[in-house]
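Chain by chain, the residues:
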Amino acid sequence: MSRPAIPLGRAARLGVATAASSRSVLAASSAWLVVLAAVYAADAGPPLPALAATAALLLPASAWATAAHLAATSADLRQVLVAADGPVRTLVADAVPALLWLVAATAAGVVANVVADPHPAPVSARLLGAVLHLLCGCVGGALALALHAGHVTRGVQALVVVAASLASARLPWLPPAGPVLSTWGTGEPPGALLAGWATGGPVLVTAGLLVVTLRCRRRR
Amino acid sequence: MPAVPVLSARDLGFRYGRGRWLFDGLTLDVAPGQLLRVRGGNGAGKSTLLRVLAGAVAPRRGRVHRAGPVAHLPQQTGDLPAVGARRLVSLVGGAAADGVPDARADELSRGWQRRVLLEAVLGLPCPIVVLDEPAAGLDAAADHRLADRLSDRLAAGDAVVLAEHEPLPLAGGDVLDLGGATAPDLVEVVLSGTGTFRGAPASGGRLTLTVPPAERDALLLAALQAGWAVHSVSPLR
């Protein structure tokens, strides 16, 4: 692989600067804080089920923030980056601001649980909650990347994300929210197989969506 | 011994979806220090060919080999992000943004947005430069500065591929003509005024006439002499 003409750090800084100036990203961030406030307004129950619930809610929130960031970036600049650095590095540069947002949103979700959930819980439960947030958020971000690469309109993107979020929350086998909620959302310790699918499923879905994104981008 | 090409394409073909092939079976080589001018009518596929050569899109047939990264100026839609223009140039091109306004890129005019992106692209240290109509929207002085910079890149051994409607003041280069309808079949002339002209009555203060391109100038002269104003002249294909 040849040396990139635009180092990844510079490309990512450009993406972060673009995301930071986007009012839509700010709206998605505010919505996430409102969701956390609503969940913890009353007793949300034991920490791990509460964290599993907010992790499932992070799927559409992350998709919204990523879609907002992608809409704020320039298609022309993306072509410049692809020619200079190749499609994979450009995808990474696109993903960095989304990942930074996701890390911040995960931190907010866990801190809200620590501060507002009155039930005691070991640190491991809250670390697991953080991992669940990251997994669900990654799927949301990857879904937004794939829909953007497919040149799907913003309205249809919103419909697809809402439908995917609802389906995943309702179907216990459908990653990311379904297995997360059916394993750690009940308060009962899950079996190894279920726990493996709840953590491995989102990774597989995210990887699949990123492959779709790359393929769509190469054909446009 | 001929120089090894830094950019080569073999049996290249591209079409959008199931549409017509914009180009097919295209083979070309661009050596270090070589200038390739791509010409053709609107819709001939110049911009698409440049995107394929730059790697922004994959060809439907054939393959492209690039010896390094590509500095690519796409056919711009004017959608730069809401970051400072100077910051954008320095982050993309890694160079100081001399002559770039100290303003947000998205608030600049389309012409300035194009110049900002061009400035950023020309700052990239790439052995291949692929520019899609870089002179569009530039004044004569900027045109000559651009030509000088490209001459310097060519002299330094970079390969340059240009799509151009209006030729840059840059000597030499090989020409790849993609053909296409460079001359319109008919010209539509819309006149402003009242009454009749050449037996056709005006409606709502406008009179639309369709003539072959060869008769356009004579028609316009006769219309002006008859007291009509010219509203628009546009090619029909």
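Visitor: Just give me the short version of the overall build of chain B, but keep the residues and values in it.
Guide: For chain B, the count of helices and strands is 5 helices and 13 strands. By principal-axis analysis of the C-alpha atoms, chain B measures approximately 65 × 45 × 35 Å. Within chain B, the proportion of its 237 residues that are buried is 45%. Put simply, 66% of the contacts in chain B that link residues at least 6 apart link residues at least 24 apart.

Visitor: Quick one: what's the story with the overall build of chain A, residue by residue and with numbers?
Guide: From N to C terminus, chain A includes 9 helices and 0 strands. Reading the helices (α) and strands (β) of chain A from amino to carboxyl end gives α-α-α-α-α-α-α-α-α. For 220 residues, the compact-globule estimate of 2.2 N^0.38 gives 17 Å, and the C-alpha radius of gyration of chain A, at 18 Å, lies within 12% of that figure. If you line up chain A on its principal axes, its C-alpha atoms span 50 × 35 × 35 Å. The long-range fraction of contacts in chain A, counting pairs at least 24 apart against all pairs at least 6 apart in sequence, stands at 79%.

Visitor: Please set out helix α7 (residues 154-170) of chain A residue by residue, giving values where relevant.
Guide: Two residues of an α-helix separated by three or four positions point the same way, owing to the 3.6 residues in each turn. Residue and element names in this part refer to chain A. The end-to-end C-alpha distance of α7 is 24 Å, a good match for the 24 Å that 17 residues give at a rise of 1.5 Å each. Residues of α7 that are buried: Gln157, Val161, Ser165 and Ser168. All buried residues of α7 lie within an arc of 75° about the axis, which places them on one face of the element. What points out from α7, more than 90 degrees from its buried face, is the exposed set Leu159, Leu166 and Arg170. Where α7 is buried, its residues touch α3 (47-72), α6 (123-149) and α8 (177-184).

Visitor: Kindly report on the side chain of Glu164(B), identifying the contributing residues and their values.
Guide: Residue and element names in this part refer to chain B. Within the fold, Glu164 resides in the loop between β7 (159-163) and β8 (174-177). Of the polar contacts made by the side chain of Glu164, one reaches the side chain of Arg39; its length is 3.0 Å. Leaving out residues up to four positions away in the same chain, Glu164 has contacts with Arg37, Val38, Arg39 and Glu133.

Visitor: Describe in detail unusual backbone geometry, supporting the description with residues and values.
Guide: Following Pro175(A), the chain continues to Pro176(A) via a peptide bond in cis, the omega torsion being 5°. When you line up the elements, Pro176(A) lands in the loop between α7 and α8. The backbone of Glu133(B) shows a phi angle near 45°, a positive value even though the residue is not glycine. With respect to the helices and strands, Glu133(B) occurs in the loop between β6 (128-132) and α4 (140-155). Residue Glu133(B) is classed as buried on the basis of its relative accessible area, which comes to 16%.

Visitor: I'd love a proper account of the domain arrangement of chain B, names of residues and values included.
Guide: Taken domain by domain, chain B holds domain 1 (7-177) and domain 2 (186-236). If you average the C-alpha positions of domain 1 of chain B and of domain 2 of chain B, the two centres end up 38 Å apart.

Visitor: Account for the interface of chain B and chain A, naming residues and giving values.
Guide: Many analyses report the size of an interface as the accessible area lost when the parts associate. Opposite the 32 residues of chain B that make contact, chain A presents 25 residues. Taken together, both faces of the contact between chain B and chain A bury some 2,300 Å²; the carbon and sulfur share is 60%. Summed over the shared surface of chain B and chain A, the result is 0 salt bridges. Counting residues per element, the ones that place at least two in the side of chain B that touches chain A are α1 (46-54), β5 (70-73), α2 (85-93) and α3 (110-122) of chain B. Per-element accounting of the side of chain B that touches chain A gives the leading share, 6 residues, to α2(B).

Reading guide: rules and limits
- Residues numbered from 1 in each chain as written.
- Chains lettered and ligands numbered in written order.
- Predicted model: local features only at pLDDT ≥ 70, side-chain atom pairs only at ≥ 80, totals over all residues.
- Heavy atoms only, no water.
- Helix = DSSP H or I, 4+ residues; strand = E, 2+ residues; numbered from the N terminus.
- Buried < 20%, exposed > 50% of the residue type's maximum accessible area, 1.4 Å probe, protein only.
- Contact = heavy atoms within 4.5 Å.
- Rg over C-alpha atoms; globule rule 2.2 N^0.38 Å.
- Expected span 1.5 Å × (residues − 1).
- Arc of directions from axis to C-beta.
- Polar contact = N/O pair within 3.5 Å; in protein donor to acceptor, adjacent residues only side chain to side chain.
- Domains from an automatic or database assignment.
- Buried area = accessible area lost by both parts, 1.4 Å probe.
- Salt bridge = Lys/Arg side-chain N within 4 Å of Asp/Glu carboxyl O.

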